[in-house]
Amino acid sequence: MKPAPFAYHRPEGVDEALALLAEHGYDAKLLAGGQSLVPAMNFRLAQPAVLIDLNRVHALDYVTRADAGLRIGAMTRQSTVERSPLVAADAPLIAETLPFVAHAQIRNRGTVGGSIAHADPAGELGAVMLALDARVHLRGPGGARAVPASAFYTGLFGTALEADEMLTEVEVPVRAARTGWAFDEVARRHGDYALAGLAAWVAVDEDGRCTEARIALLGVGDAPMLAREAAAALVGQMPTEDAIRAAAEAASQRDVDPPGDIHASPAYRRQLTNVLVRRVLPRAFARAAAEA
Ligand code: FAD
């Protein structure tokens with residue numbers, strides 16, 4: 001199918017894009033890489049009257065390091081981030097995860113901002129932003145604001161973004177000593193949206209005892225989510241097999257209430273959650289120990 005008719009604007013700067021959003025509000029949609037929006041328009045699941053194409057807003061295409069944060073502009077292509085030496089050095093969880101997002105051709109067009117704003121419950125980058133405790137920077141007519149990733153996702157395809165706001169940047173704390181990370185997911189085929197996935201970030205003290213943990217899940221709820229009970233089960237513990245098994249039980253039995261669909265039942269997604277905790281957490285703790 002072809003999309004419903006729409007008016008088309010191609011602003012060259014953030015202010016111009018925001019002025020168009022202010023003018024058209026709920027009738028308008030921002031176009032980034034188009035890898036989710038264009039198929040939705042072709043199927044007429046989305047029928048914006050006005051399309052605001054951000055592809056000439058080059059000011060939002062960057063990866064920079066500032067103080068303790070890595071800053072990634074919303075229009076940075078996923079493939080650019082995947083190959084960025086800064087990302088590999090300072091936020092290796094992002095580099096490890098991006099090859100799981102769709103296929104290389106899609107990542108050449110798809111943007112970091114588009115993926116986070118799209119808020120697919122099975123989106124890998126959303127879970128990674130939760131695990132890294134990223135801040136999502138938004139701009140609107142009232143100015144700029146920063147929202148912690150943990151407050152950004154509000155439900156099924158729901159975010160903290162207002163209709164007249166745009167996502168401009170994500171800011172990720174850079175890797176610190178005695179911290180570790182890891183990602184894995186289960187998908188029917190590599191590049192498909194995952195049935196379930198897990199991004200972990202952990203910190204340990206000089207003895208190797210867990211002092212902090214963020215375990216973010218995708219594909220098992222309305223939105224990417226933090227497994228808070230599983231994290232609480234690990235903090236203060238040595239990361240033994242028993243401790244990680246207890247965290248896996250907490251995640252799969254208490255943190256998640258997964259949906260069922262034609263691809264997987266709720267019980268199967270619970271089981272995947274359990275398996276992923278036991279598969280991913282040992283790698284994250286091993287890296288934390290190596291980073292001491
Ligand atoms: P667009 O499609 O242009 O926009 C998506 C939405 O975000 C729209 O509602 C748009 O208005 C909004 N938006 C975009 N930019 C902004 C902004 N700066 N501020 C506010 N709102 C904004 N994704 C995964 O995470 N994992 C997968 O496994 C995966 N598999 C895929 C497989 C296929 C075959 C395809 C076609 C896509 C897949 N995707 C997957 C989606 C892909 O990662 C998209 O690139 C991404 O979800 C959207 O990014 P985009 O830049 O293309 O955004």
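Residues numbered from 1 in each chain as written. Predicted model: local features only at pLDDT ≥ 70, side-chain atom pairs only at ≥ 80, totals over all residues. Heavy atoms only, no water.

Q: Break down the site of the ligand for me, with residues and values.
A: Near the ligand there are 30 residues, and of these Leu30, Gly34, Leu37, Thr111 and Glu124 occur at the shortest range. A distance of 2.7 Å is found between an oxygen atom of the ligand and a side-chain nitrogen or oxygen belonging to Thr111. The backbone of Ser115 places a nitrogen or oxygen atom 3.4 Å from an oxygen atom of the ligand. When the ligand is considered free in solution it has 970 Å² of accessible area, and contact with the protein chains removes 88% of it. Among the secondary structure elements, those contributing two or more residues to the shell around the ligand are strand S2 (28–31), helix H7 (112–118) and strand S10 (166–173). Broken down by element, the residue count for the shell around the ligand peaks at four residues, all from H7. Of the residues assigned to the shell around the ligand, the class counts are 15 nonpolar, twelve polar and three charged. No fewer than three residues from each of domain 1 (7–53) and domain 2 (60–173) sit in the shell around the ligand. (Near = heavy atom within 4 Å. Polar contact = N/O pair within 3.5 Å; in protein donor to acceptor, adjacent residues only side chain to side chain. Areas by Shrake-Rupley, 256 points an atom, 1.4 Å probe, with all protein chains shown as cover. Helix = DSSP H or I, 4+ residues; strand = E, 2+ residues; numbered from the N terminus. Nonpolar A, V, L, I, M, F, W, Y, C, P; charged D, E, K, R; others polar. Domains from an automatic or database assignment.)

Q: So what's going on with the sheet that holds strand S12 (residues 196–204)? Residues and values would help.
A: The four strands lie next to each other as S11-S12-S13-S14, forming an open sheet whose pairing is antiparallel. What marks the edges here is a single partner per strand, and that holds for strand S11 (179–186) and strand S14 (225–226). Pairing geometry for strand S13 (residues 210–218) and S14, over two bridges, is antiparallel. Within S14, the residue paired with Ala216 across the bridge is Leu226. (Pairing = 2+ DSSP bridges.)

Q: Tell me about helix H8 (residues 124–132), and name the residues and values.
A: Of all the nine residues making up H8, nine are buried; the element is thus mostly covered by neighbouring parts of the structure. Along H8, the positions that sit buried rather than exposed are Glu124, Leu125, Gly126, Ala127, Val128, Met129, Leu130, Ala131 and Leu132. Trailing H8 by a residue or two, Asp133 shows a phi angle of about 60 degrees, which is positive. (Buried < 20%, exposed > 50% of the residue type's maximum accessible area, 1.4 Å probe, protein only.)

Q: Any details on the domain arrangement of the chain? Residues and values, ideally.
A: Annotation of the chain at the domain level lists domain 1 (7–53), domain 2 (60–173) and domain 3 (192–290). Domain 1 and domain 2 are separated by 19 Å when their C-alpha centres are compared. Each partner contributes to the roughly 1,100 Å² buried at the junction of domain 1 and domain 2, and carbon and sulfur atoms together form 72% of this total. Area buried by domain 1 at its contact with domain 2 is led by Val14, Leu18 and Gln35, which between them contribute 39% of it. In this structure, the connection of domain 1 to domain 2 is made through one salt bridge. A salt bridge links Arg139 to Asp15; the shortest N-O distance between them is 2.5 Å. Across the contact surface, domain 1 and domain 2 share one residue pair in polar contact (both at pLDDT 80 or more). (Buried area = accessible area lost by both parts, 1.4 Å probe. Salt bridge = Lys/Arg side-chain N within 4 Å of Asp/Glu carboxyl O.)

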